[in-house]
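In case you want the letters, here they are:
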Amino acid sequence: MLYDTRAREISKFIPIKNNQVSIYLCGPTVQSSPHIGHVRSAVNFDILRRWLNELGYKVSLVRNVTDIDDKILNKAVVEKLEWFELAYKYEREFTNAYQLLNVLPPTYEPRATGHITQMIELMEKLIENCKAYAPGNGDVYLSVRSLDSYLTLSRQNIDDLQSAADADDRFKKDVRDFALWKGAKPGEPSWPTPWGPGRPGWHLECSAMAFAYLGESFDIHGGGLDLIFPHHENEIAQSEAAGYGFAKRWMHNAWVTQSGEKMSKSLGNTMQVTELIKQVRPIELRWYLGSAHYRSMLEFSPNALQESAVAFTRLENFLNRAKEILENISDNQLSAEFSSAMNNDLAVPEAIATIYEDLRLGNVALQESNKTELQIRANAIRSALRILGVDPFTATKSDARNQETLSGLVKLAIAERKAARERKDFVTSDEIRDKLANLGITIEDTPNGVRWIQN
RNA sequence: GGUCGGAUGGCCGAGAGGCGAGGCUCGGGACUGCAAAUCCCGCUACACGGGUUCAAAUCCCGUUCCGACCUCCA
């Protein structure tokens, strides 16, 4: 069961092709550094993708990069970079952020500028269908009143729209018509077309690339809530006017807010991914971003982020403890409760509640040395964390090697402390513990011996 | 003005007619040289006013407050 923005209801998800799911996700316009609003979207859809995979579907996910647009051109002037240099710089930042947060790479990641040919073909088709026109100034416009389905996603009435105060309607047949293509201006990059040199409008790339990689119809189109209008509405207009079925289902993630407001430029700096991973580990940031329901606003505060990180550490600690006792912890033994929550429009908060129940019972099993029960709970938790993209046991090789070294050093200190405690020299033993604590290592004396945790 | 969403306990965050999700914080207890960890018990709710119903946080009507989008390219 998944929600569909267009129908405004949750319904059973049935893919067009058996066992295959095609998803088009609106990726970033690479004009600034990624902030957590951007990556929340990526994390939400990554969880969707992992879950569909888990259900046995082969998922094709295309996430575009819009690397030409007004903002990029303006920003390039400000930063004194070539527009493509700027776009590529930020594209790399996005890629890094995705990797850091363990977002699976898309099946393909097409760039707008690489698909000019497909855009021209689409425009030719639209003009042929009498849905678009080129008034001769180099622009190409879509005639929105020629479409029955226009504004059915956002449910607005075309006459109720406020027209932009600064709209240029000299060439438009209707002020609401939007530019598929923009005629070249001096100093701007351009590509040749039958209507003169120019560059893509904002919406055309998505229709062209979705068609190129997913065909006339595909299962799910995703993106942020703020893209519903005009971006997605215009995509629908372009694609349906060309005669394509386009997206069968629309999914939109809500944003990260601060004091109830959508993130804006003034907040942008502190909300950047590179800043936040100085406060918590990337895996904790991902846990935080994924923990709210994808259609709910996530009210950000540094405190909430910290608390979320602490909560995640509890899960991690449990798995580490379990690992000391069990030979192997499976990442493929989900509980029925977790699965049923996920099947209900990705009810992650409910799914997480089931994880905590497993955690409680797992800890009890740990205390009672009930290995069978421990195995069940540990399997369920690790499997669930894997689906959410935060399996603590998937570490890189360099991590593993450093971990070995660290482990050896800490064990030396623990041996010293143990000797001190055996001669009741608690001053020394506490000093060792405090010093380790200052380095971020917590010591626990348990009935089964001493354990340590890196904070 | 149009369209859409929201208001839940100290904080975060689910639920959508009937046994008060969950997490963090806080209080009490068990355990412990002390701590930590863990477990057990407990506290604080559904913006406001009406209505429907045996029963409303949930449905209906109204009100208040908050937020988003309304097409860049003059």
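For the structure, check the block above.
First things first, this report covers the structure right here in the doc. Position numbers for residues count from 1 along each chain, tracking the sequence in the order it is written. Whichever chain is written first becomes A and whichever ligand is written first becomes 1, with later ones labelled in order. Residue-level local features of this predicted model are given only where pLDDT is at least 70; pairs of side-chain atoms are given and counted only at 80 or more, and the full residue set underlies all totals for whole chains, interfaces and linings. Values reported for side chains reflect all heavy atoms of the structure, with hydrogen atoms and water molecules removed beforehand.

**Some points on the overall build of chain A**
Here is the rule: A run of DSSP states H or I qualifies as a helix once it reaches four residues; a run of E qualifies as a strand once it reaches two. Both are numbered from the N-terminal end. We call a residue buried when its accessible area falls under 20% of the maximum for its residue type, exposed when it is over 50%, and partly exposed in between, using a 1.4 Å probe and counting protein chains only. In this description, accessible areas are obtained by the Shrake-Rupley approach with a 1.4 Å probe, and a residue is regarded as covered only by the protein chains that are shown. In this charge count, Lys and Arg are treated as positive and Asp and Glu as negative; neither His nor the chain ends contribute. The atoms used to mark charge sites are NZ of Lys, CZ of Arg, CG of Asp and CD of Glu.
Counting its regular elements, chain A contains 15 helices and 15 strands. Counting only C-alpha atoms, chain A reaches 95 × 50 × 35 Å along its principal axes. Looking at chain A as a whole, 49% of its 455 residues are labelled buried. Of the accessible surface of chain A, which amounts to about 22100 Å², a share of 50% is contributed by carbon and sulfur atoms. Within chain A, the 60 negative side-chain charges are centred at a point lying 3 Å from the centre of the 53 positive side-chain charges.

**Re the pairing of strand S4 (residues 58–63)**
The following threshold applies: In short, DSSP must find at least two bridges between two strands for them to pair. Seen with its strands pointing away from the viewer, a crossover is right-handed when the path leading from the first strand over the helix to the second is clockwise.
Of all 6 residues that make up S4, 5 are buried, and the element is covered over most of its length. In terms of strand pairing, strand S3 (residues 20–25) meets S4 through 6 bridges, oriented parallel. Across the sheet, the residue bridging to glutamine 20 is lysine 58, located in S4. Once you follow S3 into helix H1 (residues 36–54) and on to S4, the crossover reads as right-handed.

**A closer look at the sheet that holds strand S6 (residues 140–142)**
We apply this condition: Should any heavy atoms of two residues lie within 4.5 Å, those residues are considered in contact. In this analysis, axes come from line fits to C-alpha atoms, helices being fitted only over the stretch in contact, and the angle between any two N-to-C directions falls in the range 0 to 180 degrees.
One open sheet holds the 4 strands; their spatial order is S5-S6-S7-S8, and the pairing between them is antiparallel. Two strands in the sheet have a free side with no partner beyond their single neighbour: strand S5 (132–133) and strand S8 (198–200). In this sheet, strand S7 (residues 178–183) lies alongside S6 in antiparallel orientation, the contact comprising 3 bridges. Each bridged residue has a counterpart across the sheet, and for tyrosine 141 the counterpart in S7 is alanine 179. Helix-sheet contacts for helix H4 (residues 116–128) involve S5, S6, S7 and S8, and the interaxial angle to S7 is about 125 degrees.

**Structural notes on the sheet that holds strand S11 (residues 256–258)**
What the 3 strands build is an open sheet, ordered S12-S11-S13; its pairing is mixed. The open sheet has two free edges, formed respectively by strand S12 (261–262) and strand S13 (298–299), since each of these has just one partner strand.

**Points about the side chain of threonine 5**
Selection criterion: Throughout this description, a polar contact denotes any pair of N or O atoms lying within 3.5 Å of each other; where both atoms belong to protein, one of them has to be capable of donating a hydrogen while the other can accept it, and for residues adjacent in sequence the pair is counted only when both atoms sit in side chains.
Tracing the backbone shows threonine 5 in the loop between strand S1 (2–4) and strand S2 (9–11). Among the polar contacts listed, one links the side chain of threonine 5 to the side chain of histidine 252, at a separation of 2.7 Å.

**Some details on helix H3 (residues 83–100)**
Short version of the rule: Between the first and last residue of a helix there are one fewer steps than residues, each counted as 1.5 Å, and that sum is the expected span. Working definition: the arc comes from the directions between the helix axis and the C-beta atoms, pointing outward to the latter.
Taking 1.5 Å of rise per residue, the 18 residues of H3 would be expected to cover 26 Å, and the 26 Å separating its terminal C-alpha atoms lies within 8% of that figure. What H3 keeps buried is the set Trp83, Leu86, Ala87, Tyr90, Glu91, Phe94, Ala97 and Tyr98. Across the axial projection of H3, the buried residues extend over an arc of 130 degrees, all falling on one side. The elements touched by buried residues of H3 are H1, S4, helix H2 (70–79) and helix H8 (273–276). Just beyond H3, the residue with positive phi is asparagine 102, at close to 60 degrees.

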